[in-house]
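# An overview of the molecular structure
As a plain string of letters, each chain reads:
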Amino acid sequence: MVFFDLDRADLTPDRALILDNATAAFHQAGQTQVMLTGFADRAGSAAHNLSLSNRRTQAVRAYLVSRGVPDSAIAVAARGEQGPRVGTPDGVREPQNRRVEITIGPRPAQ
């Protein structure tokens, strides 16, 4: 899981370290898929937060691809304010909700 600062989608060195670990896990696992699910807290409008969670997933995706994870092995979903890690009222800033969850697992059968 990668956490982000308020209204940001940039990758810091600490976040890159987490993504380097995810990249290594992907390469060790063999025929796997990576699912990236982006979230935002409830500060800002729902539309803004959906867009922000998408930018976060795309930043993580670009980093993983730059480290050798095939783009075809990555699926993304932007959830915006939906699925908070910590429930809050509308308008509340919550660092635990500003995140991209990374799931590495087997590829679906075709």
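Everything quoted here is computed from the prediction, not taken from an experiment. (Residues numbered from 1 in each chain as written. Predicted model: local features only at pLDDT ≥ 70, side-chain atom pairs only at ≥ 80, totals over all residues. Heavy atoms only, no water.)

In a soluble, globular protein the nonpolar side chains are often hidden away together inside. Of all hydrophobic cores here, the largest spans 14 residues; its most connected members are Leu19, Val34, Leu36, Val60, Leu64, Val69 and Ile74. At the level of secondary structure, the elements contributing two or more residues to this core comprise α1 (13–29), β2 (32–38) and α2 (46–66). Dropping the residues within four chain positions of it, valine 60 is found in contact with Phe4, Leu11, Leu19, Leu36 and Val100. (Core = buried A, V, L, I, M, F, W, Y, C linked by side-chain atoms within 4.5 Å. Buried < 20%, exposed > 50% of the residue type's maximum accessible area, 1.4 Å probe, protein only. Helix = DSSP H or I, 4+ residues; strand = E, 2+ residues; numbered from the N terminus. Contact = heavy atoms within 4.5 Å.)

Let's shift gears to the side chain of arginine 56. Summarising the element assignment, arginine 56 is placed in helix α2. Buried charge without a partner: arginine 56 forms no salt bridge, and the closest opposite charge is aspartate 7, 6.1 Å away. Here aspartate 5 takes part through its backbone oxygen, which lies 3.2 Å from a polar atom of the side chain of arginine 56. Once residues within four sequence positions are removed from consideration, arginine 56 is found in contact with Phe4, Asp5, Asp7, Arg8, Ala9, Phe39, Ala40, Arg98, Arg99 and Val100. (Lys, Arg positive; Asp, Glu negative; His and termini not counted. Salt bridge = Lys/Arg side-chain N within 4 Å of Asp/Glu carboxyl O. Polar contact = N/O pair within 3.5 Å; in protein donor to acceptor, adjacent residues only side chain to side chain.)

All right, on to α1 then. Since one α-helical turn is 3.6 residues long, residues separated by three or four positions face the same way. The terminal C-alpha atoms of α1, which comprises 17 residues, lie 24 Å apart, in line with the 24 Å expected from a rise of 1.5 Å per residue. Within α1, burial applies to Arg15, Ala16, Leu19, Ala22, Thr23 and Phe26. Buried positions in α1, seen along its axis, are confined to an arc of 115° and lie on one side of it. Summarising the geometry of α1, the exposed residues directed more than 90 degrees from the buried face are Pro13, Asp14, Leu17, Asn21 and Gln28. Against the buried residues of α1 lie β1 (2–3), β2, α2 and β4 (99–106). (Expected span 1.5 Å × (residues − 1). Arc of directions from axis to C-beta.)

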